[in-house]
Amino acid sequence: MKTRQWYQARILWAKMVEGRGIRHWEEGLYLFRSTDRAAAFQRALEIGEGGQSGGDEETRRGTRWVETRLAEVVALDCLGDELEEEPLEVHWIRLPATEKIAFHHKFAPVKKVPPTSR
């Protein structure tokens, strides 16, 4: 039986507005256990897919569709089988969109295996 190691995944979502494109990025850091890097990547994709959503947004000009889409797993690091006693910071951040991405853009996070961040 394989030992389950702790992994840290940085996951990036795009907040997309129909008719406008990208509004901003949202990034989260998740800690979880997995048997190996390939399984950890699959788990990070599952977490990312679970963070997707969509719905109508009311504006002064009417209603528009807004979606949160998984864009990529930015980094995936193995932290070992025991976490240290030191405090671990887990974060969520909203980042401005500096590029234009059309609403109909299809992200393909499964095709981009993340590097380690170290």
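Note that the structure is predicted; figures quoted are calculated from it, not measured. (Residues numbered from 1 in each chain as written. Predicted model: local features only at pLDDT ≥ 70, side-chain atom pairs only at ≥ 80, totals over all residues. Heavy atoms only, no water.)

**Some words on the environment of Tyr 30**
When you line up the elements, Tyr 30 lands in strand β2 (residues 21-34). We classify Tyr 30 as partly exposed; its relative accessible area is 29%. Taking the C-alpha atoms as reference, Tyr 30 lies 10 Å from Arg 43; in sequence the two are 13 residues apart. Beyond its immediate sequence surroundings of up to four residues, Tyr 30 is in contact with Tyr 7, Gln 8, Ala 9, Ile 11, Trp 13, Ile 47 and Trp 92. (Helix = DSSP H or I, 4+ residues; strand = E, 2+ residues; numbered from the N terminus. Buried < 20%, exposed > 50% of the residue type's maximum accessible area, 1.4 Å probe, protein only. Contact = heavy atoms within 4.5 Å.)

**So, the pattern of salt bridges**
Two side chains carrying opposite charge are able to pair once their charged atoms lie near each other. Inspection of the entire model under this criterion finds 7 salt bridges. Among the ionic pairs, Arg 23 bridges to Glu 57, the shortest N-O distance being 2.8 Å. Of the two residues, Arg 23 is situated in strand β2 and Glu 57 in strand β3 (residues 53-59); the sequence distance between them amounts to 34 residues. Overall, the relative accessible area of 22% leaves Glu 57 in the partly exposed class. Between Arg 94 and Glu 26 there is a salt bridge; the shortest N-O distance is 3.4 Å. Highlighted residues: Arg 94 in strand β5 (residues 92-96) and Glu 26 in strand β2, separated in sequence by 68 residues. With relative accessibility at 56%, the residue Arg 94 sits in the exposed group. Through salt bridges that share partners, Arg 23, Glu 57 and Arg 64 make up one connected network. (Salt bridge = Lys/Arg side-chain N within 4 Å of Asp/Glu carboxyl O.)

**Focus on the pairing of strand β1 (residues 5-17)**
Counting buried positions along β1 gives 10 out of 13 residues, so the element sits mostly inside the fold. Examined bridge by bridge, β1 and β2 share 13 bridges and lie antiparallel to one another. The residue of β2 that forms the bridge with Met 16 is Ile 22. Here β1 folds back onto β2 in antiparallel fashion, the turn holding 3 residues, of which Gly 19 has a positive phi close to 85°. In the sheet, β1 pairs with strand β4 (residues 62-80) via 12 bridges, with the strands oriented antiparallel. The residue of β4 that forms the bridge with Gln 8 is Asp 77. (Pairing = 2+ DSSP bridges.)

**Concerning the sheet that holds β3**
Here we have 5 strands laid out as an open sheet, ordered β3-β4-β1-β2-β5, and antiparallel in their pairing. Each edge of the open sheet carries a strand with a single partner, namely β3 and β5. Pairs of neighbouring strands in the sheet enclose a mean axial angle of 25°, with direction left out of account. Against the sheet, helix α1 (residues 37-50) makes contact with β1, β2 and β4, and its axis sits at roughly 160° relative to β4, the strand it touches most. (Axes fitted to C-alpha atoms, helices over the stretch in contact; angles between N-to-C directions.)

**Side note on the nonpolar core**
Among the nonpolar cores identified, the biggest contains 13 residues, and Ala 9, Ile 11, Phe 32, Ala 44 and Leu 76 are the most heavily contacted of them. Residue assignment for this core shows that the elements contributing at least two residues are β1, α1 and β4. Looking at this core element by element, the count peaks at 5 residues for α1. Once residues lying within four places of it in the same chain are set aside, the contact partners of Phe 32 are Gln 5, Trp 6, Tyr 7, Ala 9, Ala 40, Arg 43, Ala 44, Ile 47 and Leu 76. Of all hydrophobic cores here, the second largest spans 10 residues; its members include Leu 12, Met 16, Ile 101 and Phe 103. (Core = buried A, V, L, I, M, F, W, Y, C linked by side-chain atoms within 4.5 Å.)

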